[in-house]
Amino acid sequence: MTARVSCFSRDALAFLRALKRNNRREWFKPRKEKYETLLRSPMIALVERLAADLRDFAPDLVASPKASLYRIYRDTRFSENKTPYKTHVAAVFPCRTLPKHQGAGLYFHISPDEVWIGGGMYAPDTSQIQAVREHIAGNVRRLRTIVESPSFRRTVGRLEGEQLRRVPRGFAKEHAAAEYLRFRQFLAGAEFPPPFATNPRFYTTVVKVFREVAPLIRFLNEPLLDGPLRH
């Protein structure tokens, strides 16, 4: 049975800081077991704990170590940055009925620079963004109810992400949803200083933020599926 984990150790953060300074194979390989103990094992435990909690408010999302955890190894084939390792740990919780890396999902990461907890739709392709915009145009009241609610604003602030300068072609400039139709990404989350990962309230905060962002994730995924998602 996996141990119940609520946060990371100070040693885990120290390891990420050291990895950032020493991002080389000859440094990491003799310390891989330490990485497994300090970071990978707690991440697995957190994801497995979230799998149970997400059933209450986001049953449409997948939470499993295999589907959720990112590898520490960077793909350097097409990158000018040839450092071999990521200097953060992260997990994603995607829609279980969409292909991998498609649609909106929940996400968190811990790095030497910050802790980020939230979710959204990071890189939709042309057909996806068009479907989402049409969905927004026809359901702007529902979207406003989610992202303009006092609890959403208190927890994660305003909806963020790259935006177009103008309302996209095919929609009236004065459309009631104009401010949201310009979005190319849909991101909502909360940022914390790195030591927050060691706070006993870390896990409960992840659940609190995820609970607040989950309705937005469902809304964004609806047009990519056949019909509204029920919770």
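Structure shown above.
Undergrad: Please explain helix α1 (residues 10-21) as it appears in this structure.
TA: In an α-helix, one turn spans 3.6 residues, which is why side chains three or four residues apart end up on the same side. Its 12 residues place the ends of α1 17 Å apart at the C-alpha level, agreeing with the 16 Å of an ideal helix rising 1.5 Å per residue. Within α1, burial applies to Ala12, Leu13, Phe15, Leu16, Ala18 and Leu19. Check the buried side of α1 and you find it contacts α2 (25-28), α3 (32-57) and β2 (105-110).

Undergrad: Help me understand the environment of Arg77, please; the structure alone is not making it clear to me.
TA: As for its placement among the helices and strands, Arg77 is situated in the loop between α4 (65-68) and β1 (89-94). Separated by 67 residues in sequence, Arg77 and Arg144 have C-alpha atoms that sit 42 Å apart. Separated by 2.6 Å, the side chains of Arg77 and Asp75 make a polar contact.

Undergrad: Explanation requested: the sheet that holds β2 in the structure shown.
TA: The sheet built from four strands is open, its strands ordered β1-β2-β3-β4 with antiparallel pairing. Lying at the two open borders of the sheet, with one neighbouring strand each, are β1 and β4 (186-192). Taken pair by pair, the neighbouring strands of this sheet meet at an average axis angle of 10°, ignoring direction. Of the strands in this sheet, β1 and β2 touch α3, which is tilted by about 20° from β1.

Undergrad: Quick question: what am I supposed to make of the side chain of Gln128 here?
TA: With respect to the secondary-structure elements, Gln128 resides in helix α5 (residues 126-138). In this structure Gln128 comes out as buried when scored by relative accessible area, which is 7%. Residues in contact with Gln128, not counting those within four places in the same chain, are Gln102, Gly103 and Leu224.

Undergrad: Even after reading the chapter, I still don't get the pattern of salt bridges, so can you show me in this structure?
TA: Close approach of charged atoms allows side chains with opposite charge to pair. One pass over the full model with this rule turns up seven salt bridges. Note that Glu36 is salt-bridged to Arg40, the shortest N-O span being 3.8 Å. With a gap of four residues between them, Glu36 and Arg40 both fall in helix α3, about one helical turn apart. Judged by its relative accessible area of 27%, Glu36 falls in the partly exposed class. One salt bridge in this structure joins Arg142 and Glu222, with 3.0 Å as the shortest N-O distance. Placement of the pair is Arg142 in helix α6 (residues 140-147) and Glu222 in the segment after α9 (202-221), with a sequence separation of 80 residues. With relative accessibility at 37%, the residue Arg142 sits in the partly exposed group. Note on Glu222: relative accessible area 7%, which makes it buried. The structure contains a network of salt bridges with shared partners spanning Arg144, Glu148 and Glu179.

Scoring rules and cut-offs
Residues numbered from 1 in each chain as written. Predicted model: local features only at pLDDT ≥ 70, side-chain atom pairs only at ≥ 80, totals over all residues. Heavy atoms only, no water. Helix = DSSP H or I, 4+ residues; strand = E, 2+ residues; numbered from the N terminus. Expected span 1.5 Å × (residues − 1). Buried < 20%, exposed > 50% of the residue type's maximum accessible area, 1.4 Å probe, protein only. Contact = heavy atoms within 4.5 Å. Polar contact = N/O pair within 3.5 Å; in protein donor to acceptor, adjacent residues only side chain to side chain. Pairing = 2+ DSSP bridges. Axes fitted to C-alpha atoms, helices over the stretch in contact; angles between N-to-C directions. Salt bridge = Lys/Arg side-chain N within 4 Å of Asp/Glu carboxyl O.

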